[in-house]
Structure formats: structure tokens, C-alpha cells
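So you can see what is in the structure, the chains are spelled out below.
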Amino acid sequence: MSNRVSRLLLLGGAALASPACFAASGLAQTSVLPTIHIFAPKNRAAKREVAAARPTRARPSSETPEAVAASKLAAKAETFDIARRRLYTTVGTTSYTISHEVIRSLPQGTNQPVEKVLLQAPGVSQDSAASGLLHVRNDHANVQFRINGVMLPDGVTGFGSILDTDLIGSMALVTGALPAEFGMRTVGLIDIATRTDVFNDSGKIGAYGGSFGTIQPSFEYGGTAGGNCGSTALALRTSNCFPGVQYYFTGRYLQTLEGIENPTPSVNPIHDFSQQEKGFGYLSTFIDPTTRLSLITGTASSAFQIPNVPGQPVGQMGNPPVTSAFGITDFNSALLNETQIEDTQYAVLALQKSAPGFDGQLSYFTRYNWLHFVPDPIGDLLLNGVASNISRESYANGIQGDASYALNPAHTLRVGFTVSGEQSNVDNTSLVEPAPGGVPVDAPESITDNVAKLGWLAGVYAQDEWKVTDRFTINGGLRFDQMWQYVDDNQLSPRLSFTYKPFENTTLHAGYARYFTPPVLVEAAPANIALFNGTTGAAPAGQAADPVKPERSNYFDAGIDQLVALRCNSPAAPDCTSLDLGADAYYKQATDLIDNGNFGQALVLSAFNYAEGITEGVEFSAKLHSGDLQAYGNLSVGQEKAIDPVSNQYLFDNTTPLADLGGLTEFQYAQTHWIYTDHTQIVTGSAGVSYLWRGTQFSVDMIYGSGLRTGDDNISSEPAYAQFNAGLTRDFVGWDGKPLTLRFDVVNLLDTVYQIRSGTGIGVFAPQYGPRRGFYAGLAQAF
């Protein structure tokens, strides 16, 4: 495992407070905007919600100079957090927000990876770690992560999650017709705001573990350092004093005997040990009264054993199959020894400026990724016909700038740019056997196919948010993107969206977006398939290897959100009950649709294009808030279909006619028929409920899937499944009077045995099953 973790300095973090009742929505009303008078029942709980949504700050017990400096810094930071949100708009989109408090109330809480939390959002379906863990609206990948408004650059896709869930103050999944400020990865924006409740010189240390040998210690600490603002009222109001530095950092270690999904339905996987380490840091200070400088750093380092399937026959795979390697003709597949190591570091340095009518942020970001798959030389030759030692490395650096200017109360102009460079290195050394005349010879030889590329991405945008009235807003803009990678290309993309509030608690939205999506650089690396001709690693005869092109698409989206105040006697009522309902429909028509898959024993993704693709669906969501009772439910129905592979065609077999495809080969059928993409799941659902009873939080959540695609050219689907999880947490008085939190969780409460992947379908190499029932417990002591 890489030793870079020990060299990375972890610095500070932050969190957003969650709404106490329900999210008050709507446009700010000003006297100069045309006003439409609507006579409808008013939401009397809105004022209470706005007040509850404001982040709270712990006041020090004494007005010492240090305490006053910390208080002043917290107030200033809160003002700048609000200003940063003005840089971006989500007019005309669907936004589903999960707060830190909601994450803590879920089974497993912050001990689960970010991707597992996202499965509780509408339209997010589960997949195996080898296939990206999740899909949004049946798309493969094409999701961007932003932390405090700055996009994390693409990296190498692996099994491990790189973000620590503890850092999240709030996380919003934004889908639909995105405004012009969002580009490149556009099927979903995962917008993370770091926590803001942690700068009070306190921390937490915890331990969590249980079934499958799981051990997971963690820690966090945050505070405020320095400051010379003094303790007098005059000093507190002075703008030119140095308020100090806010900092927050976290660390987490995971050890488990089930690192990735079990390829068999058994309780305990074979050869699946994993060690994973994560760290996060945040540091923030003010240069002057209108300028804030912040630094985010993070690290993730993981090692995985690749789990085995016992009873696999020798000599069934390869082109042609291998029956003898190094004089060995038999091999126990349960003893196969494949491993994968992953290493990621990232950092964001952001300079934020806020002045009356103007907000801006200039950011530098960097990310390093390294993935190394190590095969079992003898076992992989006999079982797969090739043993590939694969390394993928990526260095990405870039600059992002965003600015907003309130031209007048009706118009807010936003402009920005991003430019990034990425050096990728894809190394592949494969052990194969020569096969003259189609007959393998037991004289293994190595073939090296290394590719390096410096790629560039750039984008600029301009848009205007026009508040036509106090209830109707139009957001229009243009975006231009340019890529210089294995293919050079560009596109000018118009965006237009609307939000209309016919009543106090009713919001309608609709939008259109033209999207331009470059492929992930390392996944688009070309392969020199001619090197493997005449060996057991040969590609299907006569197949091309055309380069992967950018995807272009037209995206349409429309929806409605309805807030229902079921019981709310007064704005301050502690038992306010509300129901938030949402419905959304979307349609995407794509040219050169990008897809990915695993096309060999190495569980790494390779990209290709379909000539055309169509993605469509509907989503429904509901959230209930009633004092100590919180509940939600989501249901999505959708599909993605595509036709005619037009790049990296060698990944498709074109030699074996298949009866269930009417005697056509896999490639021939896909050329002439609209087929489901392998990651399509027709029906996806999630639900959860939590209740605080006499100091104990009880929670249950679930996910449902009608099954991903399987079979030749994805003509079938896996069986439907539902997985239920349960948990409880309670705070006790611990060391030094600080809270001691106890939690107990059950994953897959009913021990449902279900298959995520069967090992068949386009780009699916190995089977994967969902987790079997597991019991976990944890203690966390605040200090």
C-alpha cells in the first residue's frame, strides 16, 4: 500500500444545520418586482422553519478575548457560507437534501460510505463496487462531486469510497436540467457542504464493528485558533482585526473480511479481506473583512483481496482457452490470489470574495489517483486465458472561478470558468500463451501495452437568473466546453429553466439542457489489440478499436413539489407536522452515449460509445416531519436503451452466434437492436423512518430494486429484491460530562439472499451478491 497517507496533512471541516420541520422554499419578494396576489392557505410554519434552519453557534461561557474572537469568526464564517450559496443556482432542477442529522439517524449512521447514504435518494440504484456502486437515473457514472462549491476532478474508478461521511454537513443530489454553471458530469450533482458545528475546540473518538471481522475506529476534532479581536464591544465591531482560524479534521480506519461483494450466496466470502483508511481536513481564515481563504484536503488508501468463486473449471476461457500453464493443468479456483490497491489524495484551495451585490470564488484543485490490480499468474492463465497486471495513475490539477452579481432586484448575472489538466498513465502487462493456428502452447510470455496522455478540459459559462415576478423565475445561460484528450472536440450548450409558485406551498419547475460529456481519460485509453494477435489474449477477430468520443445529449425535465402543513398551530409549535411531496419526469436523447464495463478478470472499467441512447423515467418522493418522527419514501420508474457500439468495438464478441439473439452474435445484435444498458433497473425504491422515544433513536431503512440487466446483450434482468436495515442510538453521560453515544445496527435484517450481478451481460465479468445479515455496534465519546 502507498505510504502517501502518512505524508498528507489533514486540516479542519464544517456542517450545515438541518431543518427542524420542513424546508421553506420560494423566491425572495422585493417591492420592485411585480407581485402576484394569490389567495391560498398560508404556511404558518415557514417562519419557524427559516429560524430553525439557521446554523447555531455555541456561545462561550465567558467573554474572554479568545471567546470573543471565536464568536466573531463564527459569525463572519456564517455570513460567507450564505454568500457562497449565492454563487450558484438550482432554478428548474430537482434537489434532494440529506443533512448530517439525518445521516446520523440512519442505520450505521456516519459509519457507512457516502455511496450507501445516496441509495436513500430518489432515482439512485445499487450496483457492485466493480461497477461504480451506484447509478443515478440509470446512467453509468456521469456524476460530479462538489465540496463547498468546487468540483472534484475525475479520477481512477475503484472499489473504495474516497470521502468520509463524517465531514458532511449537508449533501444534496441535484438532478434535471442543470444551469449553465454545471458542466462535464451532468446526470447528477452531489453537492456537499462541510460541517459548520465543529469549531468549538471539541472532538469525538469512536469505535464501530461487528460481523465479517469489521473493525472501524474513527476520530474527529475541530476548533478555533488565534484571533486578536479583543473582548470589548468596540473590538467586536471592528472589521480590521484578525479573527483567527477555524479548523476541523477527521480520520477513519476500516478492516473487514468482506471488502467488496461476495460472488457467491454464502454467508462468508472467500479471499475478501480489506483495509481502508480515510482522512479529511478543513482550514479557514479571513484575509480581510471581505475575503476568506479556505483549504480542504483529503486522503483515501485501500487494499482489497478479490473474492473467489470455488469450483470454476480450467480451460473454459481465453481465445483460445488455456489448458496448461507452467506445466500445471489443474487449479483450485478457491485459492486464486488476486489483489487490488487504491490510493487517492485531493486538495482544494479557495479564495472567496463577498461585497455588496457581488460574490466570487477562485479555487485551485488537485487530485492524485493510483490503482494497481495484481493477478494470480498461474490461476488467471488457467481460468481466464490471460493474467493482466494493470496499473492506472492520474494527476489532475485545475482552476475554477465563479462569480455572481446582483444587477438589480430582478436580475442576477453569473459567470465562470474551469480549466484542468490531467496526466494519465495506463500500464498493462499481460501474461498470455502463444496460440499458433489457434492451439495454445505452454510457453507463457508477457505483452506490455502502456499508454500515457496529458489531457485538458476547459469550460466557460454565463447565465442570468431573472425574477420576472415574486413567483416566477427564468434562468437562461450558455456554456462552452472544450476537450483535448484522445479525441479533441467542443460544444456550445444552451440551458433554459423555469420555476413557478402558483401557491404558497406549490412549486413547479421545468427545463431544457444541452449537455457535453467527455469520457473519463483513463477509461478511454486506447488498447493496442494487435499485440495480442496469435495468443490466448486475442480480441475477437475483425473487431475495431475506434476511439471513445464525447457524449452529446438533449435533456428535458419537469416536476412539481408540494408542501402540506398537516398540523402546525403556530410558527413555534414543537409538534409541527408537514408532508413534502415531489414528482419529476425526465427524458434524455443522446448521441455517442458513453457506457462502461468490466471486460476481463481485472475489475477495472473500460469505456465505449453507443451511436444513440435514450434515457427516460419518472420519480416520486415524500418526506414526513412530525416532531420526533421523521419518515421518507422514494419510487422511480425508468430505463435506458442504446443501439450500435461505435467505439472500442473489440469489447463485444462477434464470433459466436447465440440462439437467444436469433442466431446473431453479441455485436451484430447490438448493432441492429435497441438494447437495455446493463445498469438499467426499471423500478428503484427506498424508504426509511426514524423515531426518538425517551432519548433513544430507533430507525429502519430499506432499498428496493427490480433487478439490473443480465444475459446476452442484457435481454433479461436479475430477480427483484428488498433489503431492510435497522438501528438504534442513545446518548449517555460519559467522560467529563460529555455525551457517550451507543449505537447498534442490523444490516439486511431479514437476511435476504439476492444477486446484484450474475456475471453475464455487456461489461459484466463476475457475479456479485448483496450483503448477508450482519450485526454491528459502536461507541463514540465526545471530548
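These numbers were taken from a predicted model, which means no experiment stands behind them.

1. Some details on the overall build of the protein chain
Then comes step 1: Looking only at helices and strands, the protein chain has seven helices and 35 strands in total.
Then comes step 2: Burial status across the protein chain gives 56% buried among its 783 residues.
Then comes step 3: Here the protein chain displays about 29,900 Å² of accessible surface, and carbon together with sulfur accounts for 61% of that area.

2. A few points about helix H6 (residues 377-384)
Then comes step 1: Burial of H6 is extensive: six of the eight residues sit out of reach of the surface.
Then comes step 2: The complete set of buried residues in H6 reads Gly379, Asp380, Leu381, Leu382, Leu383 and Asn384.
Then comes step 3: Contacts made by the buried residues of H6 are with strand E15 (387-408) and strand E16 (411-432).
Then comes step 4: Count one or two residues on from H6 and you reach Gly385, which has phi positive near 85°.

3. With respect to the packing of aromatic side chains
Then comes step 1: If you walk through the whole model with that rule in mind, you get 18 aromatic pairs.
Then comes step 2: Geometrically, the ring pair formed by Tyr88 and Phe182 is stacked, given 6.4 Å between the ring centres and 25° between the ring planes. In this pair, Tyr88 is assigned in the loop between helix H2 (65-85) and strand E1 (93-99) and Phe182 in the loop between strand E6 (168-176) and strand E7 (188-194), connecting sequence segments 94 residues apart.
Then comes step 3: Measuring from ring centre to ring centre gives 6.2 Å for Phe472 and Phe498, while their planes differ by 0°; the resulting arrangement is stacked. Here Phe472, found in strand E19 (residues 472-484), pairs with Phe498, found in strand E20 (residues 488-503); they are 26 residues apart in sequence, far enough to count as distant.
Then comes step 4: On the accessibility criterion, Phe472 (25% relative accessible area) is partly exposed.
Then comes step 5: For Arg709, the ring lying beneath its charged end belongs to Tyr676, and the centroid distance is 4.0 Å.

4. Describing the environment of Tyr486
Then comes step 1: In this structure, Tyr486 sits in the loop between E19 and E20.
Then comes step 2: Note on Tyr486: relative accessible area 24%, which makes it partly exposed.
Then comes step 3: Measuring from C-alpha to C-alpha, the distance between Tyr486 and Pro526 comes to 8.2 Å, with 40 residues separating the pair along the chain.
Then comes step 4: Tyr486 has contacts with Ser424, Val451, Ala452, Lys453, Leu521, Ala524, Ala525 and Pro526, leaving out every residue within four places of it along the chain.

5. A short note on the pattern of salt bridges
Then comes step 1: Using the criterion set out here, one finds 21 salt bridges in the structure.
Then comes step 2: Among the salt bridges present, the one from Lys588 reaches Asp139, with a minimum N-O distance of 2.7 Å. Taken together, the positions of Lys588 in strand E23 (residues 577-597) and Asp139 in the loop between strand E3 (134-136) and strand E4 (143-147) put the pair 449 residues apart, joining distant regions of the chain. For the residue pair Lys588 and Asp139, the accessibility class agrees, reading buried in each case.
Then comes step 3: Here Asp288 ties to Lys353 by a salt bridge, and the two come within 3.9 Å at their closest N and O atoms. Here the residue Asp288 occupies a position in strand E11 (residues 274-288), and Lys353 occupies one in strand E13 (residues 339-355), the gap between them amounting to 65 residues.

6. Describing the sheet that holds E6
The strands making up a sheet are joined through hydrogen bonds of the backbone, oriented either antiparallel or parallel.
Then comes step 1: Strand order across the open sheet formed by five strands is E1-E6-E7-E4-E5, with mixed pairing between neighbours. Edge positions in the sheet fall to E1 and strand E5 (150-151), since each of these pairs with one other strand and no more.
Then comes step 2: Pairing of E6 with E7 involves six bridges; the strand directions are antiparallel. For Met171, the partnering residue across the bridge sits in E7 and is Ile192.

7. Points about the pairing of E20
Then comes step 1: Here E19 runs beside E20; their pairing, made up of 13 bridges, is antiparallel. By the bridge assignment, Gly476 is partnered in E20 with Leu496.
Then comes step 2: Linkage of E19 to E20, two consecutive antiparallel strands, is achieved through a turn of three residues.
Then comes step 3: Note: E20 against strand E21 (residues 506-517), seven bridges, orientation antiparallel. Across the sheet, Ser497 pairs through a bridge with Gly511, a residue of E21.
Then comes step 4: The turn joining E20 and E21, which pair antiparallel and follow one another in sequence, is formed by two residues.

8. Points about the side chain of Gln649
Then comes step 1: Position of Gln649 among the secondary structure elements: in the loop between strand E25 (629-645) and helix H7 (666-672).
Then comes step 2: Take Gln649: its relative accessible area is 8%, and that puts it in the buried class.
Then comes step 3: Ignoring sequence-local partners within four residues, the contact set of Gln649 consists of Gln543, Ala544, Ala545, Asp546 and Phe667.

9. Section: the nonpolar core
Then comes step 1: Leu163, Met171, Ile192 and Tyr346 are the most contacted members of the largest nonpolar core, which has 41 residues in total.
Then comes step 2: In this structure, Leu163 is in contact with Val114, Phe145, Ile147, Leu152, Ile192, Lys278 and Tyr346, ignoring residues within four places of it in sequence.
Then comes step 3: Listed in part, the 17 residues of the second largest apolar core include Ile529, Leu593, Leu651 and Ala670.

10. Comments concerning the environment of Asp736
Then comes step 1: With respect to the helices and strands, the residue Asp736 is situated in the loop between strand E31 (721-733) and strand E32 (739-747).
Then comes step 2: In sequence terms Asp736 and Phe783 are 47 residues apart; their C-alpha atoms lie 7.6 Å from each other.

11. Quick notes on the pairing of E23
Then comes step 1: Relative to E23, strand E22 (residues 551-567) runs antiparallel, the two sharing 15 bridges. By the bridge assignment, Tyr555 is partnered in E23 with Lys588.

12. Structural notes on the side chain of Ser404
Then comes step 1: Among the secondary structure elements, Ser404 is positioned in strand E15.
Then comes step 2: Given a relative accessible area of 5%, Ser404 falls into the buried group.
Then comes step 3: From its side chain, Ser404 meets the backbone oxygen of Arg86 in a polar contact 3.4 Å long.

13. Digging into the confidence of the model for the protein chain
Then comes step 1: Across the protein chain, the average pLDDT comes to 87, with 87% of residues at or above 70.
Then comes step 2: Contacts from residues 230-238, a stretch scored under 50 in pLDDT, to residues over four places away or in other chains number 14 contacts.

14. With respect to unusual backbone geometry
Then comes step 1: One non-glycine residue, Asp644, lies in positive phi territory at about 70°.
Then comes step 2: Mapped onto the elements of the fold, Asp644 is located in strand E25.
Then comes step 3: Unusually for a residue other than glycine, Asn714 sits at a positive phi of about 60°.
Then comes step 4: Mapped onto the elements, Asn714 comes out in the loop between strand E29 (709-710) and strand E30 (716-717).
Then comes step 5: Overall, Asn714 belongs to the buried group, its relative accessible area being 1%.

15. A short note on the environment of Asn332
Then comes step 1: Of note, Asn332 is situated in the loop between strand E12 (291-305) and E13.
Then comes step 2: We classify Asn332 as partly exposed; its relative accessible area is 41%.
Then comes step 3: Remark: the alpha-carbon pair of Asn332 and Gly379, spanning 47 residues in sequence, is separated by 8.1 Å.
Then comes step 4: From its side chain, Asn332 meets the backbone nitrogen of Ala334 in a polar contact 3.0 Å long.

Conventions and cut-offs
- Residues numbered from 1 in each chain as written.
- Predicted model: local features only at pLDDT ≥ 70, side-chain atom pairs only at ≥ 80, totals over all residues.
- Heavy atoms only, no water.
- Helix = DSSP H or I, 4+ residues; strand = E, 2+ residues; numbered from the N terminus.
- Buried < 20%, exposed > 50% of the residue type's maximum accessible area, 1.4 Å probe, protein only.
- Areas by Shrake-Rupley, 256 points an atom, 1.4 Å probe, with all protein chains shown as cover.
- Contact = heavy atoms within 4.5 Å.
- Phe/Tyr/Trp six-rings, centres within 6.5 Å; stacked < 30°, edge-to-face > 60°.
- Lys NZ or Arg CZ within 6 Å of the ring centre and 35° of its normal.
- Salt bridge = Lys/Arg side-chain N within 4 Å of Asp/Glu carboxyl O.
- Pairing = 2+ DSSP bridges.
- Core = buried A, V, L, I, M, F, W, Y, C linked by side-chain atoms within 4.5 Å.
- Polar contact = N/O pair within 3.5 Å; in protein donor to acceptor, adjacent residues only side chain to side chain.
- pLDDT = per-residue confidence, 0-100.

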